[in-house]
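Descriptive structure summary
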2 protein chains.
Amino acid sequence: MDSCVTPLRHGGLYLVQTTDFIYPLVDDPYMMGKIACANTLSDLYAMGVTECDNMLMLLAVSTKMTERERDVVTPLIMRGFKDSAMEAGTSINGGQTVVNPWCTIGGVASTVCQPNEFIVPDNAVVGDVLVLTKPLGTQVAVNAHQWLDIPERWNRIKLVVSDEDVRKAYQRAMDSMARLNRVAARLMHKYNAHGATDVTGFGLLGHAQTLAKHQKNEVSFVIHNLPVIAKMAAVAKACGNMFQLLQGHSAETSGGLLICLPREQAAAYCKDIEKQEGYQAWIIGIVEKGMRTARIIDKPRVIEVPAKEKDGELW
Amino acid sequence: MDSCVTPLRHGGLYLVQTTDFIYPLVDDPYMMGKIACANTLSDLYAMGVTECDNMLMLLAVSTKMTERERDVVTPLIMRGFKDSAMEAGTSINGGQTVVNPWCTIGGVASTVCQPNEFIVPDNAVVGDVLVLTKPLGTQVAVNAHQWLDIPERWNRIKLVVSDEDVRKAYQRAMDSMARLNRVAARLMHKYNAHGATDVTGFGLLGHAQTLAKHQKNEVSFVIHNLPVIAKMAAVAKACGNMFQLLQGHSAETSGGLLICLPREQAAAYCKDIEKQEGYQAWIIGIVEKGMRTARIIDKPRVIEVPAKEKDGELW
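Looking up chain A in an unreviewed UniProt entry gives the name Selenide, water dikinase, with the organism given as Nezara viridula.

Next comes the structure, spelled out in structure tokens:
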């Protein structure tokens, strides 16, 4: 499970909590703070929990930064983290800041709730479908964006993407990573989800396999479709498949929820999330009888997910 | 306050939680795990909370260790942490392990409780006395022990301590740091404590000042006595006062509770803790009328706290 659940001494309540921290992966410290917060909360959302009672912030500022750099960067990271927590309807009380050779940003998210407020992710049944709420390819986009300044790397991919494509993909990735999975979690209850996980460091397939392994029923997950940030599938191929994106192994940061939904509810789930947030979700696979495994079919369909325009601005 | 307190949506309950992590400071990885756990829990105990509902473990294993070193050291640290959590009547569900240039060990401790289970540390009144439940000098002892192998350092202190003194002090410090402040917290309720803090990185005076600043009443803290691990006051003096031990600035790890107690209850508190745990506690100062400050008198009395023997063994 993405969060730990502890029965409490009081009133049939449960403590659901999680911790996560990550390393900087975008240039903008404010966005980095938002991403770290969304990434921490995502483990609660994967359990269908929509209310977070408190967050702690864990920040390690790099010893390799100058004092001036620290003074500029640290408050921006903290502001991003706080703004994201506020957007999630929670607040940050407590935490710790240290210096460390590597900059790390993360937190702890805790909720005390009744048992009907969380969904234990072990209830998939044959005939369910799998829904994914964010596109894949954040790691590819972030790396490709760095390669704009590294000619020997750029030369390997410039035949398949333009400078402009990469910048758009990077913006789309940042926006996606900073987006909360909160609406996705709320709709899990409305559409009777049978369980979910969030897609992060182990890639789509890694997390699908973990989720499959924990099912009560003898089921397996088969993935047919891979929604990927536009052009990033081509980039992943062009650089010798180092990311293993289409094999489902490319790491994501603050990725979407992968949700088991009753077949007849899945389309309505996707429609509802798009109506509320303006973002697409995709039915990417099915749940069939099996030995609690997960796989991607031989030639999955890649869905190119374009960067979006809103009020004329890329977001 | 040492922990954050969040009112919850359910049943008049509160979430009390804290996070802390530290760097290795003793040679023994198992003891290091115990110390890190005791240090994390100590912030709850300072609030008079005696039950911890869940802990998360946060571990960063050093990139500079060989794989073999990691394989040996990491499980020992984790075992120490877990054993200490078990001793505290809690368990560890969740956490994160990463690699990082610096090894760090810490955790998160959370409790959901009724308002009568914690003591907001703002209620000191004139006439109270200050009790300290562990001796000072852990940092001095840990450093002096390292200097046994560094001749130019050792030469500065060898006139005032023997090899044997330093080894005993180091054992005493390790034992003290690994000891839980749980009984100390429980007795705070029995003897009507008006507030407490735990003594850690900012030294006795630093934490006393913070505690004084947060009092509702116009009070100040005056410290007369400094219980110090045997010989460590002399070591601190001999090495040019770099620790500022007698000025109250020497950092402690997993130090004792500094508690404001009604004068007529303090002696009974100290007696009770010694009866239950076999460790002394000391009345070290008084609460007088003032502007919420704390100070140590000009020539404080240094109480030499010997290493202890139990069943013929140093502990």
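**Quick word on the relation of the copies chain B and chain A**
Its rotation angle being 180 degrees, the transformation that places chain B on chain A also includes 0.0 Å of axial translation and leaves an RMSD of 0.0 Å. Taken together, these values place the two copies in the relation of a two-fold axis. Judged by C-alpha distance, B:Pro101 is the residue of chain B that lies nearest the rotation axis, at 3.2 Å. In this assembly, 100% of the residues forming the interface of chain B have copies in chain A that are likewise at the interface, indicating an isologous arrangement.

**Structural notes on the UniProt feature "domain: PurM-like C-terminal" (unreviewed entry) in chain A**
If you check UniProt for "domain: PurM-like C-terminal" (unreviewed entry), the listed places come out as residues 126–294 of chain A in our numbering. Secondary structure across residues 126–294 of chain A comprises 44% helix and 20% strand; the distance between its end C-alpha atoms is 13 Å.

**A short note on the pattern of salt bridges**
Inspection of every chain in the model, using the stated rule, returns 18 salt bridges over all chains. A salt bridge links A:Arg9 to B:Asp53, with the nearest nitrogen and oxygen atoms 3.2 Å apart. Pair noted here: A:Arg9 is in the loop between strand 1 (4–7) and strand 2 (14–22) and B:Asp53 is in the loop between helix 1 (29–46) and strand 3 (54–62), and the two residues belong to different chains. Accessibility expressed as a relative area gives 11% for B:Asp53, which makes it buried. For the salt bridge of A:Arg9 with B:Glu117, the shortest nitrogen-to-oxygen distance reads 3.0 Å. Placement of the pair is A:Arg9 in the loop between strand 1 and strand 2 and B:Glu117 in the loop between strand 5 (104–113) and strand 6 (129–132), with the two residues belonging to separate chains.

**Concerning the layout of surface pockets**
In this model, the largest pocket occupies a volume close to 1,200 Å³. Lining the largest pocket are 49 residues, and of these A:Asp20, A:Thr200, A:Gly201, A:Phe202 and B:Gln96 sit closest to its centre. Contributions of two or more residues to the lining of the largest pocket are made by strand 2, helix 1 (29–46), helix 3 (138–147), strand 7 (195–198) and helix 7 (203–213) of chain A together with strand 3, helix 2 (67–87) and strand 4 (92–100) of chain B. Its residues assigned to classes, the lining of the largest pocket shows 21 nonpolar, 21 polar and 7 charged. Here the second largest pocket is characterised by a volume of approximately 1,100 Å³. Every residue lining the second largest pocket is counted, 41 residues in all, and those nearest its centre are B:Asp20, B:Thr200, B:Gly201, B:Phe202 and B:His207. Contributing elements (two or more residues each) for the lining of the second largest pocket: strand 4 (92–100) of chain A together with strand 2 (14–22), helix 1, helix 3 (138–147), strand 7 (195–198) and helix 7 (203–213) of chain B. With 6 residues, strand 2 of chain B is the largest single contributor of residues to the lining of the second largest pocket.

**Brief notes about the packing of aromatic side chains**
For any pair of aromatic rings, the description consists of the separation of the ring centres together with the inter-plane angle of the planes. Residues and elements named next belong to chain B. Tallied over the entire structure, the rule returns 8 aromatic pairs over all chains. Pairing Tyr-23 with Trp-102 gives two aromatic rings, centres 5.7 Å apart and planes at 90 degrees, and the pair type is edge-to-face. Here Trp-102 lies in the loop between strand 4 and strand 5 and Tyr-23 lies in the loop between strand 2 and helix 1, a separation of 79 residues in the sequence. Under the relative-accessibility criterion, Trp-102 is labelled partly exposed at 31%.

**A short note on the pairing of strand 3 (residues 54–62) of chain A**
Both faces of the sheet carry side chains from a regular strand, because those side chains alternate between them. Residues and elements named next belong to chain A. The buried fraction of strand 3 is high, at 9 of 9 residues. Along strand 3, one buried face is formed by Asn-54, Leu-56, Leu-58, Ala-60 and Ser-62 and the opposite face, lined by Met-55, Met-57, Leu-59 and Val-61, is buried too. Alignment of strand 3 against strand 4, held across 7 bridges, turns out to be parallel. Note that in strand 4 the partner of Leu-58 across the bridge is Gln-96.

**As for unusual backbone geometry**
Residues and elements named next belong to chain A. Located in the positive-phi region is Lys-231, a residue other than glycine, with phi close to 75 degrees. Secondary-structure assignment places Lys-231 in the loop between strand 8 (219–229) and helix 8 (232–238). Positive phi, normally seen in glycine, also occurs at Asn-241, with a value near 65 degrees. Along the chain, Asn-241 turns up in the loop between helix 8 and strand 9 (257–261). The class of Asn-241 is partly exposed, set by a relative accessible area of 28%.

**So, the interface of chain B and chain A**
Many structure descriptions define interface size as the accessible area lost when the parts assemble. Every contact between the two is made by 36 residues of chain B and, on the other side, 36 residues of chain A. Roughly 3,000 Å² is buried in total at the junction of chain B and chain A, and carbon and sulfur atoms are behind 61% of that figure. Among the residues of chain B in contact with chain A, B:Arg9, B:His10 and B:Gln96 are the three that bury the most area, contributing 19% of the side total. At the boundary of chain B and chain A, one finds 4 salt bridges. Applying the counting criterion to the chain B and chain A interface returns 19 residue pairs in polar contact (both at pLDDT 80 or more).

**Focus on a nonpolar patch on the surface**
Taken together, A:Tyr23, A:Trp102 and B:Val99 make up a surface patch of nonpolar side chains, about 230 Å² in accessible area. Taking the relative accessible area as the measure of exposure, A:Tyr23 reaches 31% and is therefore partly exposed.

**Comments concerning the sheet that holds strand 11 (residues 294–305) of chain A**
All names here are of chain A. In spatial order, the strands read 7-9-6-10-8-11; together these 6 strands make up an open sheet with mixed pairing. Of all strands in the sheet, those with a lone pairing partner are strand 7 and strand 11, marking the two edges. Across the sheet, the axes of successive neighbouring strands diverge by a mean angle of 20 degrees, strand direction being ignored. The pairing of strand 6 (residues 129–132) with strand 10 (residues 282–289) spans 4 bridges and is antiparallel. Bridging from a neighbouring strand, Val-129 pairs with Ile-286 of strand 10.

What counts, and where the lines are drawn
- Residues numbered from 1 in each chain as written.
- Chains lettered and ligands numbered in written order.
- Predicted model: local features only at pLDDT ≥ 70, side-chain atom pairs only at ≥ 80, totals over all residues.
- Heavy atoms only, no water.
- Least-squares fit on C-alpha atoms with pLDDT ≥ 70 in both.
- Contact = heavy atoms within 4.5 Å.
- UniProt positions renumbered as here; feature names shortened; annotations may be inferred.
- Helix = DSSP H or I, 4+ residues; strand = E, 2+ residues; numbered from the N terminus.
- Salt bridge = Lys/Arg side-chain N within 4 Å of Asp/Glu carboxyl O.
- Buried < 20%, exposed > 50% of the residue type's maximum accessible area, 1.4 Å probe, protein only.
- 1 Å grid on protein atoms, 1.4 Å probe; cavity = no way out; pocket = protein on both sides within 12 Å on 5 of 7 lines; lining within 4 Å.
- Points joined across faces, edges and corners; volume = space filled by probe spheres on them.
- Nonpolar A, V, L, I, M, F, W, Y, C, P; charged D, E, K, R; others polar.
- Phe/Tyr/Trp six-rings, centres within 6.5 Å; stacked < 30°, edge-to-face > 60°.
- Pairing = 2+ DSSP bridges.
- Buried area = accessible area lost by both parts, 1.4 Å probe.
- Polar contact = N/O pair within 3.5 Å; in protein donor to acceptor, adjacent residues only side chain to side chain.
- Patch = residues over 30% accessible without salt bridge, like charges linked within 9 Å, V, L, I, M, F, W, Y side chains within 5 Å.
- Areas by Shrake-Rupley, 256 points an atom, 1.4 Å probe, with all protein chains shown as cover.
- Axes fitted to C-alpha atoms, helices over the stretch in contact; angles between N-to-C directions.

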